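Close look at the chain arrangement
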Amino acid sequence: PWHGSRNEPAEGVVTSLVLSRKSRFALASVDAIALFASVSLHAAERMPLSDVQKGMKGYGLTVFEGTKVEKFDVEILGVLHNIGPDQNLILARVDHPIVARAGIIAGMSGSPIFIDGKVIGALAYAWQFSKEPVAGITPIEEMLKIGRVAAPSGATPAGATPRMSAVEMLGYLAKQDPAAAFEKLVKNMAATPVNTDGGVRRIALPVSMSSFSPETVQRFSPYFEQLGFMATPSGTASASTVANSAKKPGKAMFEPGDPVGAVLLNGDFNVAASGTVTYLDGDHVYAFGHPFLDMGEINFPMATSEVVTVLPNVASSFKFSNTGPVVGVLQQDRAAGIMGTVGAKPDMIPVEVVLNGSGPVQTYHVNLVRHSHLSPLMLAMVTDSVVSNAQRAAGERTVMMDGEIQLKGFGPIRLREGWAGQQARQSIPQYLAVVAGYLMSNEFSATEIEGIKIHIRHDDDLRIAKLMEASLVTPPKGHIAPGDVVKVRTVLKPFRGEPFVEMFDVRIPDDQPAGAAYLLIGSGSVMNAIDFTLVPPDPRTLGQVLGVIERLRPSTDLTVALYSTGEGAVTSGVYLPNLPASMRAVLAADTSNGAQAAVKYHPAGQNARPLGYIVDGALK
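All values derive from a computational prediction rather than experimental measurement.

The rules behind the values
- Residues numbered from 1 in each chain as written.
- Predicted model: local features only at pLDDT ≥ 70, side-chain atom pairs only at ≥ 80, totals over all residues.
- Heavy atoms only, no water.
- Helix = DSSP H or I, 4+ residues; strand = E, 2+ residues; numbered from the N terminus.
- Buried < 20%, exposed > 50% of the residue type's maximum accessible area, 1.4 Å probe, protein only.
- Contact = heavy atoms within 4.5 Å.
- Core = buried A, V, L, I, M, F, W, Y, C linked by side-chain atoms within 4.5 Å.
- Salt bridge = Lys/Arg side-chain N within 4 Å of Asp/Glu carboxyl O.
- 1 Å grid on protein atoms, 1.4 Å probe; cavity = no way out; pocket = protein on both sides within 12 Å on 5 of 7 lines; lining within 4 Å.
- Points joined across faces, edges and corners; volume = space filled by probe spheres on them.
- Nonpolar A, V, L, I, M, F, W, Y, C, P; charged D, E, K, R; others polar.
- Polar contact = N/O pair within 3.5 Å; in protein donor to acceptor, adjacent residues only side chain to side chain.
- Phe/Tyr/Trp six-rings, centres within 6.5 Å; stacked < 30°, edge-to-face > 60°.
- Lys NZ or Arg CZ within 6 Å of the ring centre and 35° of its normal.
- Patch = residues over 30% accessible without salt bridge, like charges linked within 9 Å, V, L, I, M, F, W, Y side chains within 5 Å.
- Areas by Shrake-Rupley, 256 points an atom, 1.4 Å probe, with all protein chains shown as cover.

**Remarks on the overall build of the protein chain**
If you tally the helices and strands in the protein chain, you get twelve helices and 29 strands. Across the 620 residues of the protein chain, 50% fall into the buried class. Taking the contacts inside the protein chain whose residues are at least 6 apart along the sequence as the reference set, 71% of them involve residues at least 24 apart.

**Comments concerning the nonpolar core**
Ranked by internal contacts, the top residues of the largest apolar core, which has 89 residues, are F224, V271, F292 and L439. In terms of residue count, the dominant contributor to this core is helix α9 (residues 424-440) (eleven residues). Ranked by size, the runner-up nonpolar core spans 24 residues in total, among them V99, A126, A135 and I203.

**Focus: the pattern of salt bridges**
A complete count under the given rule lists 14 salt bridges for this structure. Note that R425 is salt-bridged to D384, the shortest N-O span being 2.8 Å. Here D384 lies in helix α8 (residues 374-388) and R425 lies in helix α9, a separation of 41 residues in the sequence. Neither residue differs from the other here; R425 and D384 are each classed as buried. With a shortest N-O distance of 2.7 Å, R609 and E502 are connected by a salt bridge.

**What about empty space enclosed by the protein?**
If you walk through the whole model with that rule in mind, you get five cavities of 30 Å³ or more. Counted as a void, the second largest cavity has a volume near 40 Å³. Taken together, R202, I203, A204, L205, L227, G228, F229, H290, P291 and F292 make up the full set of residues lining the second largest cavity. In the lining of the second largest cavity, the residues fall into seven nonpolar, two polar and one charged.

**Some thoughts on the layout of surface pockets**
In this structure, the second largest pocket spans a volume of roughly 740 Å³. For the lining of the second largest pocket, the secondary structure elements donating two or more residues are α2 (97-102), β5 (118-127), β7 (200-202) and β9 (229-233). With four residues, α2 is the largest single contributor of residues to the lining of the second largest pocket. Across the lining of the second largest pocket, the residue classes tally to 21 nonpolar, seven polar and six charged.

**Topic: the side chain of H290**
Among the structural elements, H290 can be located in the loop between β12 (284-287) and β13 (296-311). Look at H290 and you get buried, because its relative accessible area is 1%. A polar contact of 3.0 Å, which involves the side chain of H290, links it to the backbone oxygen of I203.

**Section: the packing of aromatic side chains**
Scanning the entire structure with this criterion turns up 13 aromatic pairs. Arranged with centres 5.5 Å apart and planes meeting at 35 degrees, the rings of F269 and Y364 form a pair that is tilted. In this pair, F269 sits in the loop between β10 (259-267) and β11 (270-281) while Y364 sits in strand β17 (residues 362-369), placing the two residues 95 residues apart along the sequence. Pair check on accessibility: F269 and Y364 agree, each one buried. Through pairs of rings, three or more aromatic residues link up here, namely F229, F288, F292 and F300. The aromatic ring of F504 is capped on one face by R609, whose charged end is 4.2 Å from the ring centroid.

**Things to note about a nonpolar patch on the surface**
Together, V473, V501 and M503 line one region of the surface with nonpolar side chains, adding up to about 220 Å² of accessible area. Relative to the assigned elements, M503 resides in strand β23 (residues 500-507).

Geometric values such as these leave the question of function open.
Right under this line is the structure:
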């Protein structure tokens, strides 16, 4: 036996150590992967679809509680041929005391079905509101085709997603409407769940969410349900719990019928969809019998799972599950199911979120699945729940965020923003998701995010300062010349507070042409709306995409900006101010660089200052 030393444990003995929360989590995952990688898995004998006949009787395997695999009876009703391209469906009646009470249960997806001891396929489809527990079975031959799809070498699959243009993103954010941008980002996250005129559906996958606030689960559940998932509260199973229950005499880990988790997020918060293992072929694991998200090549953590209990439900019964340690990687997500490799290590995005609220400073660490649609959604969920942990679930408040995204090959991308009022809690998570989604789904180059750090400050009070006055202090000489530094005096009044004065120095550029110029004083969000209207973004490279994000100014900044007239243009993603007439004519005639935008007014300089308030208003 192993008592905390570095020696190897005795055969059949499950090891455990008393460790810190973070160390326990990390070691559990590493040890579990090593343990799974050492297991020799043998493929079960298969029955071809051509041999499956009406009236045959057999059994299926699944877990209704804990990790004990149980049998349920099946009777073949027939075969639906060519229900889709290269797709067939075996119909069967299911019988078991729990199924008789609850019907086909969400979480049974992938349950292997056997006839004469040979596997014929995976339980995968059901009919809502059916009077009998009739299910559809995906033939095993179709599932095994998943493993023959060649994976690209040298790169982590990122997934193709509908992108949001810079103009769209900035339009939403400039109008202080991150909710609309967030809805656009997530509405086409994946293919619509199968639902034919006959009412057949994929058996729902329970999505377990642990450590999240109830408000977060309620807010984000619709996004999962529209994909055919069922959002359920859950916990996390320790490595020792899963190993103890699984390593019984004669039983190898991940046997057909075992629960398996597709992890989207782990750490201090966890999100995982759970189904059932169908078939094992060496270190390859086949499961679900229908798509997870139908994303093709993926790189999602694959975890063990344990079933707490089954909840019978009139609409759809489901399993409560605890997610266990990560033991491999899911690499294929296809029409006939998913396939993972035991022992492989997932590539995830580390995230740190620090909360300053009414109590002690709290720090959270999570790992996000690396995908241009799922990563932003998971990031929004985490930050939403972190804000809710600031002791208030509803009501007016002020939330300020200072964040940093570290992108491989580039310097840190800094994000700052703040909101006050009823929507403050939702707005920060939505803002982060929109910016991260725009960055990850850009059309020019794959982005490898190495890490994200978010610092959130929560205040129960409304920290809003209204801009009341702004005036220019005229220099003694009575006029302003290029190179001069002029002073701008502003007066702001906080909500239920006393007015205060802020002075700014604004330097006039040395090349400022003679004539009229304009000073605009206001919040960073107001300046965003003006700047992006005057000089519209048109990025053509990843570097220019980052430049668009860097142009975002927070509403917590009071900004004084100088604008002057001048004929310019934005072409090939580059802003060219004060162009002579000859150059403008050349650009107008050149169509090789695509659409161009004329610029009549341009920002000639600015001075910004964070105030610790949400600035309200603007003056010219």
